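Understanding the architecture of this molecule
Listed below, chain by chain, are the residues.
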Amino acid sequence: MATESGSVPHELDPDAFRELGYRTIDVIADYYDSLDDRPVYVQAAPEDVVAAFDEPLPESGVDPDRILDAIETDVIPYATHNPSPRFFGFVMGGGQPIATLADAVAAAVNMNVGGWHPAPSGTEVERTVVEWLADAIGYPTDAMGFLTSGGTMANVVAVLTAFRDHTNHETRQMGLQGEDRPTYTLYVADHECHSSIYRAADMLNLGRDAVRLVPSNDDFTMNVDALEARLDADEADGDEPFCVVGQAGSINVSAIDPLEDIAAVCEARDVWFHVDGACGAVGAMLPELADRYAGLDRADSVTLDPHKWLNVPYECGAVLVDDQDALAETFAMHAAYLRGSVAETPAEFDYYEFGPQMSRGFRALKVWATFKHLGVDGYRAHLRGGIARAEHLHERVRDHDDFETVQEPNLFIYSFRYAPADVQAAFEAGRGDETHPGEPMDRVHEYVDRLNQALVDEVVDSGLAFLTTTLVHDRRTLRMSICNHRTTDDDIDAVFDALADTGARLDADWRPEASLPL
Ligand SMILES: *Cc1c(COP(=O)(O)O)cnc(C)c1O
């Protein structure tokens, strides 16, 4: 398609667009077809990836086919393939193909969903999606909310709304300036407080110290008695608690806090109750889990991330706020816009009045398309699949002498530890033996920490799977997030077997030198 002069026109001509578009679809379809066979993690050295893109600003244009060539040869092979069925890192959805198509259309139509007039259908699709999300998780469907870049920004919006509400919106003008202010504080369980809560406190200029950690129970959930004690103590110190964050799906073990009890504490004290359900709130779509999510509907705000367990491609988070006016007042720019969300006509509804962004992309279309494609039924089957895979992994861990459990399975995120059987026996004995506390067992723990990290590194380098380690009770732990709809029990078995084999080999190699005090 190169033009004779070697220059390219200002845009693709329609025929060229079609041709290139068909080729692009082939590239994408081939990519999806290849997922099972691809190394999940890049098999090139970081320097090679750098080299592939190290080129100067292009002075003149090239044939668009060459751009697609480069995407095929450099971008796709040097990606980490979270669409792969054996991608278990972080909390990343695999992406639904229908959403890929919807996103392409959204880019073409290119609406700016900041306001109704620039985006009539875009605004209404987003309003519909927000209502569907609320409906799906049993949250009030007249809640106000919108899509965000992700859970972090959704949490920032929720915590800001809580804070403005607490200060009767007076801080909207004054910020934190001008007079002696108390220390405003927010609360989250100590176990797995997601970094985004610190980010929110930080961005609001409350400071990260404003985040107060509440002791957890043995099952990693917030201890609500401890919450009350902490609130009492902080109030006695002159602090002003304004928000409690309950987690619906924590980052390492997918624990669900006792939401009903936290809601009661917050209501009694008139403190904002925010549920960070970035990874796990959508589990409330399952009727069989209703007990565990009880109280979610009493939250003042909820964060959930369609780009996680719902497998919508990046980026897509969401925030829901029960009190529409609280959200409207938080972001209103001047009085003329201050009409809450209750617009007189749909055409007066502008998303930019309710959130931090002015120009806004059409994120909603990919969520809308995926919900229509799968239906709640399809999504429920997918969510159950993730939970079943985590339970299957738990069984494998329990049945193997050289692994130890660190949790009961909850949702789709499951952490566990490689620990050779004799080491586990030593831990047991060491723990119970008051006469030999301390140092020697610390060396064993450090050895096992190292072992767990090394075996994950080997399995990831091999390309078989991508997973990470994390810290649970300050110990290096294997962690798998099983949120991809393509994952089967066979994938879990393949990874578990590789971890077991690698662990045994590394232990056999290292043990003689380590001379552990077992
Ligand atoms: C992932 C996650 C977040 C942050 O979401 P992003 O979409 O990555 O910004 C916040 N809280 C929890 C519990 C999470 O799992």
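Residues numbered from 1 in each chain as written. Predicted model: local features only at pLDDT ≥ 70, side-chain atom pairs only at ≥ 80, totals over all residues. Heavy atoms only, no water.

An unreviewed UniProt entry lists the protein under the name Pyridoxal phosphate-dependent decarboxylase family protein, from Halorubellus litoreus. Checking UniProt for the protein, the heading Cofactor (unreviewed entry) contains the comment "pyridoxal 5'-phosphate". UniProt's Sequence similarities (unreviewed entry) comment on the protein is quoted here verbatim: "Belongs to the group II decarboxylase family." (UniProt positions renumbered as here; feature names shortened; annotations may be inferred.)

Turning our attention to the site of the ligand. Among the 14 residues in the neighbourhood of the ligand, the closest are listed as Gly151, Thr152, Asp276, Asp305 and Lys308. One of the side-chain nitrogen or oxygen atoms of His194 is found 3.5 Å away from a nitrogen atom of the ligand. The fraction of the free accessible surface of the ligand (380 Å²) that becomes covered by protein chains is 86%. In terms of residue class, the shell around the ligand is built from three nonpolar, eight polar and three charged. (Near = heavy atom within 4 Å. Polar contact = N/O pair within 3.5 Å; in protein donor to acceptor, adjacent residues only side chain to side chain. Areas by Shrake-Rupley, 256 points an atom, 1.4 Å probe, with all protein chains shown as cover. Nonpolar A, V, L, I, M, F, W, Y, C, P; charged D, E, K, R; others polar.)

To continue, consider the layout of surface pockets. Estimates place the volume of the largest pocket at around 1000 Å³. What lines the largest pocket is a set of 34 residues, and nearest its centre among them are Thr24, Ile28, Thr100, Leu101 and Ala104. Broken down by secondary-structure element, the contributors of at least two residues to the lining of the largest pocket are α1 (14–34), α3 (64–75) and α4 (97–109). Top contributing element to the lining of the largest pocket by residue count: α1, with 11 residues. Taken together, the residues that form the lining of the largest pocket break down as 23 nonpolar, nine polar and two charged. When residues of the lining of the largest pocket are sorted by domain, at least three fall in each of domain 1 (14–81) and domain 2 (143–172 + 181–358). (1 Å grid on protein atoms, 1.4 Å probe; cavity = no way out; pocket = protein on both sides within 12 Å on 5 of 7 lines; lining within 4 Å. Points joined across faces, edges and corners; volume = space filled by probe spheres on them. Helix = DSSP H or I, 4+ residues; strand = E, 2+ residues; numbered from the N terminus. Domains from an automatic or database assignment.)

Within strand β11 (residues 475–481), five of the seven residues are buried, leaving the element largely enclosed by the surrounding structure. Across four bridges, strand β9 (residues 413–418) lies against β11 in antiparallel orientation. Residue pairing in the sheet places Ile413 in a bridge with Ser481 of β11. In terms of strand pairing, strand β10 (residues 468–472) meets β11 through five bridges, oriented antiparallel. Bridge pairing in β11 links Leu471 to Arg476. Count of turn residues in the β10/β11 antiparallel hairpin: two residues, of which His473 carries a positive phi of about 50°. (Buried < 20%, exposed > 50% of the residue type's maximum accessible area, 1.4 Å probe, protein only. Pairing = 2+ DSSP bridges.)

We now examine the packing of aromatic side chains. One pair of aromatic rings is described through two measures. These are the centre distance and the angle between the planes. In total, this model carries 16 aromatic pairs according to the counting rule given. Summarising the aromatic geometry, the rings of Tyr41 and Phe466 are spaced 5.5 Å apart at their centres and angled 45° between planes, so their arrangement reads as tilted. Of this pair, Tyr41 sits in the loop between α1 and α2 (46–53) while Phe466 sits in the loop between α15 (439–462) and β10; the two residues are 425 residues apart in sequence, bridging distant segments of the chain. Of the residues examined, Tyr41 reaches a relative accessible area of 29% and is grouped as partly exposed. Since its relative accessible area comes to 10%, Phe466 is described here as buried. When the ring of Tyr447 is compared with that of Trp510, the centres are 6.3 Å apart and the planes differ by 75°; the resulting orientation is edge-to-face. Linking Tyr447 in helix α15 with Trp510 in helix α16 (residues 489–514), this pair joins segments that are 63 residues apart in sequence. The class for Tyr447 is buried, based on a relative accessible area of 2%. An aromatic cluster is built from Phe403, Tyr414, Phe416, Tyr418 and Phe496, whose rings are joined through pairwise contacts. Taking the ring centre of Tyr351 as reference, the NZ or CZ of Arg360 above it sits at 4.7 Å. (Phe/Tyr/Trp six-rings, centres within 6.5 Å; stacked < 30°, edge-to-face > 60°. Lys NZ or Arg CZ within 6 Å of the ring centre and 35° of its normal.)

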